[in-house]
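Chain and residue survey
This is what each chain is made of:
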Amino acid sequence: MKKKLLCACLVLACCLTACGGETAGNGGQNTEGGAGQGDMVQQPADSENSEAGTGSGGTQGAFGDASMEELKTAVVEALGEDYWPNMAADEEILFDLYGISEDMYDDFLAEMPMISTNVDTMIIIKAKEGQEDTVEKILDDYRERLVNDSFQYPMNLGKIQASRIEAFDNYICFVQLGGDVTDLLDQGEDVVIAHCQEHNEKALDAIRTTLAE
């Protein structure tokens, strides 16, 4: 009887060890209580998108709504005098210049400088459901055309190279900012690009923070 009981215990121990081995098969990532592939843990409905990148680095499911005025105010406060766009585009310009039609968005903000020699631009499109990828592709194509335009003013080349497109749920953003880079031109294009990248990141952080509130 004791031998049979001992054998049963050994069999049970082997089974438990085998089950434990499956959970550890992910390189030990779940050693602090995380669920393994075989664990029956019900995930929240939106958990798949909580950290999923979208488009050029956006995040799905993490943001609420904000008005275009709130988003612009946040960016202007972040950049101060280095926010140069001061001419708003209407629906017609948005379509003629960028190719974004009214059936693609619920709301938008598109601003650029009045002086054509400058290229500082900020575009925020609140895309309609199902139009997010289309809007992002249009803005990406627009950026590519700017990058490949050999007739740009030298002062704008680094600014264009540093431009960014990022999506926050259905808010698709194009930022090409940097303000006055005149004093940086003699230091080389890399310095100008780094300067403008910093300004673009400040603008995107301001948008991200406002949408997350």
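As a reminder, the structure under discussion sits directly above these lines.
Cut-offs used in this document
- Residues numbered from 1 in each chain as written.
- Predicted model: local features only at pLDDT ≥ 70, side-chain atom pairs only at ≥ 80, totals over all residues.
- Heavy atoms only, no water.
- Core = buried A, V, L, I, M, F, W, Y, C linked by side-chain atoms within 4.5 Å.
- Buried < 20%, exposed > 50% of the residue type's maximum accessible area, 1.4 Å probe, protein only.
- Helix = DSSP H or I, 4+ residues; strand = E, 2+ residues; numbered from the N terminus.
- Contact = heavy atoms within 4.5 Å.
- Phe/Tyr/Trp six-rings, centres within 6.5 Å; stacked < 30°, edge-to-face > 60°.
- Lys NZ or Arg CZ within 6 Å of the ring centre and 35° of its normal.

Points about the nonpolar core
- Judged by nonpolar contacts, the single largest core of 23 residues is most densely connected at Leu 94, Ile 100, Ile 125, Val 135 and Leu 139.
- Elements represented by at least two residues in this core include exactly α3 (91–98), β4 (105–112), β5 (121–127), α4 (132–147), β6 (164–168) and β7 (171–176).
- Ranked by the residues each element gives to this core, the list is headed by α4, at five residues.
- Among all residues touching Leu 139, those that are not within four sequence positions of it are Ile 100, Ile 123, Ile 165, Ile 172 and Phe 174.
- Core analysis: the second largest hydrophobic core is formed by 21 residues, Leu 71, Ala 203, Leu 204 and Ala 206 among them.

With respect to the packing of aromatic side chains
- Tallied over the entire structure, the rule returns four aromatic pairs.
- Taking the centre distance of 4.8 Å and the plane angle of 80° together, the rings of Tyr 98 and Tyr 142 count as edge-to-face. On the criterion of sequence distance, the pair formed by Tyr 98 in helix α3 and Tyr 142 in helix α4 is long-range, its members being 44 residues apart.
- Tyr 98 sits in the buried class, given a relative accessible area of 5%.
- Residue class for Tyr 142 comes out buried when judged on its relative accessible area of 11%.
- Ring geometry for Tyr 105 and Phe 108: centres 5.1 Å apart, planes at 65°, overall edge-to-face. Here Tyr 105 matches Phe 108 in class, with each residue buried.
- Cation over ring: Lys 159 sits above Trp 84, and NZ or CZ is 5.2 Å from the ring centre.

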